Amino acid sequence: MKRHEEILYIEPERLVPFRNHPFRVTMDEDMEELIDSIRSYGILDPLIVRPTDEGNYEIISGHRRKYAATVIGLLKVPVIIRYMSDDLAVLSMVDTNLRREKLPPSEKATAYRMKYEALRNLRQQYGRKKADRALSGRSVDLLSNKTGDSPKQVQRYVRLSYLIPDLSYLLDQGELGLTPGYEFAFLPEDEQRIIARVIAKSKHSPSLAQAMAIKEASKGSKEKGGLTNQMVRDILLGPKNPAERRIILNSEQLRDYFPENCSPEMMKEGVLKIMQEWAEKQDAGNSDRVRNKDQPKGSAKDSTDDPAGANANVTAGHPASTSTHKKGDQRNV
């Protein structure tokens, strides 16, 4: 608590939710525990609020405590009144709620976007002042430092906030993955609604490759009116997209098998060379099996079919196909 701040007691009906509050307040197991705690000990941490033009108080921190107090029937709740701008209020509201362990992806996405935009606004006003070090750097980096997510992950969550409610619901239910959802978040809302309907009806969770294919189909169909139900169904429920068979290895995964001074391009060439050698050995082995398939066990090939004679194909009692492979080649398989 800051110096000279007073704890006041205000009627719950005078406390209004934060504008566009992204965190849902529901009667779940955690809420039941909070209600039991407040019923036994009262509200131990005062709510943080700021005054509104209508004479009420906007909740910055304490939406769940206010809900619990209303269920119990408390006539007044303890609050601390703070005066702050819209952007600073957003930062405070988001920070206090992000501490919760169980946070649906859609709520986290909306909260990240709100804080990202608030930081950007504050940086435009104060970011160039040397005295304000807290606002130095990119907004995405500031948000990353505060939340612990990487800047790239922060950007993903910010983009996920552009999903329509139906797709956000599927995201929270685990029926839509984060990375496919990220791809869909770039599409217009009308096309997102089509995708949501097809997913809900088919009970099919799209893969990243399918989401990217739908995104590409959207680009190619702009002149024809955009995505249709049938186009989305064909991608989600039709034959497997060849792109889904891709195997992606990044340089970090390969680093243990190559010298430190190897560039990603050199590692790629090395892997392709090894695979080429492996493929050639497989082809050679298949050819031997085809040639020997119809020959009786222990029979030698007729010398009239082989001008070099049967012994030309046998070394130390083994087929020639094994004798022509070098030991170094075998180690590379």
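Caption draft 1: Representation of the overall build of the protein chain in the model. Helix and strand counts for the protein chain come out as 15 helices and 7 strands. When burial is assessed residue by residue, the protein chain has 34% of its 333 residues classed as buried. If you take every contact in the protein chain between residues at least 6 apart in sequence, the share linking residues at least 24 apart comes to 69%. Here the protein chain has roughly 22100 Å² of accessible surface; of this, 49% comes from carbon and sulfur atoms.

Caption draft 2: Representation of the sheet that holds strand β4 (residues 57–61). Ordered in space as β1-β5-β3-β4-β2, the 5 strands form an open sheet in which the pairing is mixed. Of all the strands in the sheet, just β1 (7–10) and β2 (15–16) have a single pairing partner and so form its edges. Inspection of the sheet shows strand β3 (residues 47–51) paired to strand β5 (residues 77–81) by 3 bridges, in the parallel sense. When the bridges of β5 are listed, L47 appears paired with V79.

Caption draft 3: Just the nonpolar core, in detail. Counting 47 residues, the largest nonpolar core has L167, F184, I195, I214 and V232 as the members making the most contacts within it. Only α3 (86–97), α4 (105–126), α5 (139–147), α6 (151–160), α7 (165–172), α9 (189–202), α10 (208–220) and α11 (229–237) provide two or more residues apiece to this core. Top element by residues in this core is α4. It accounts for 7 residues. If we ignore the near neighbours within four places in the chain, the residues touching L167 are L176, F184, Q192, I195, A196 and I199.

Caption draft 4: Molecular detail of the confidence of the model for the protein chain. Across the protein chain, the average pLDDT comes to 79, with 75% of residues at or above 70. Note on residues 293–333: pLDDT under 50 across the span, and 19 contacts to partners over four residues away in sequence or across chains.

Caption draft 5: Representation of a negative patch on the surface in the model. Taken together, the side chains of D28, E29, D30, E32 and E33 make up a negatively charged region of the molecular surface. On the secondary structure map, E33 appears in helix α1 (residues 29–41). Residue class for E33 comes out partly exposed when judged on its relative accessible area of 49%.

Caption draft 6: Spotlight on the side chain of S218. Mapped onto the fold, S218 is located in helix α10. Leaving out residues up to four positions away in the same chain, S218 has contacts with L187, E191 and L227.

Caption draft 7: Structural context of the packing of aromatic side chains. For the structure on display, the rule yields 2 aromatic pairs. Taking 5.1 Å as the distance between ring centres and 85° as the angle between the ring planes, the aromatic pair formed by Y182 and F186 counts as edge-to-face. For F186, a relative accessible area of 37% gives the class partly exposed. Positioned over the ring face of Y162 is R159, at 4.5 Å from the centre of the ring.

Caption draft 8: Just the packing of α9 against α11, in detail. Two numbers describe how α9 lies on α11: the axes approach to 9 Å, and their chain directions differ by 50°. Of the possible angle classes, the one that applies to α9 and α11 is oblique. Here the hand of the crossing between α9 and α11 comes out right-handed. Along the contact surface, α9 presents I194, I195, R197, V198, I199 and S202, while α11 presents N229, V232, R233, L236 and L237.

What counts, and where the lines are drawn
Residues numbered from 1 in each chain as written. Predicted model: local features only at pLDDT ≥ 70, side-chain atom pairs only at ≥ 80, totals over all residues. Heavy atoms only, no water. Helix = DSSP H or I, 4+ residues; strand = E, 2+ residues; numbered from the N terminus. Buried < 20%, exposed > 50% of the residue type's maximum accessible area, 1.4 Å probe, protein only. Contact = heavy atoms within 4.5 Å. Areas by Shrake-Rupley, 256 points an atom, 1.4 Å probe, with all protein chains shown as cover. Pairing = 2+ DSSP bridges. Core = buried A, V, L, I, M, F, W, Y, C linked by side-chain atoms within 4.5 Å. pLDDT = per-residue confidence, 0-100. Patch = residues over 30% accessible without salt bridge, like charges linked within 9 Å, V, L, I, M, F, W, Y side chains within 5 Å. Salt bridge = Lys/Arg side-chain N within 4 Å of Asp/Glu carboxyl O. Lys, Arg positive; Asp, Glu negative; His and termini not counted. Charge placed at Lys NZ, Arg CZ, Asp CG, Glu CD. Phe/Tyr/Trp six-rings, centres within 6.5 Å; stacked < 30°, edge-to-face > 60°. Lys NZ or Arg CZ within 6 Å of the ring centre and 35° of its normal. Axes fitted to C-alpha atoms, helices over the stretch in contact; angles between N-to-C directions. Parallel < 35°, antiparallel > 145°, perpendicular 65-115°, else oblique. Left-handed = near helix turned anticlockwise from the far one by under 90°.

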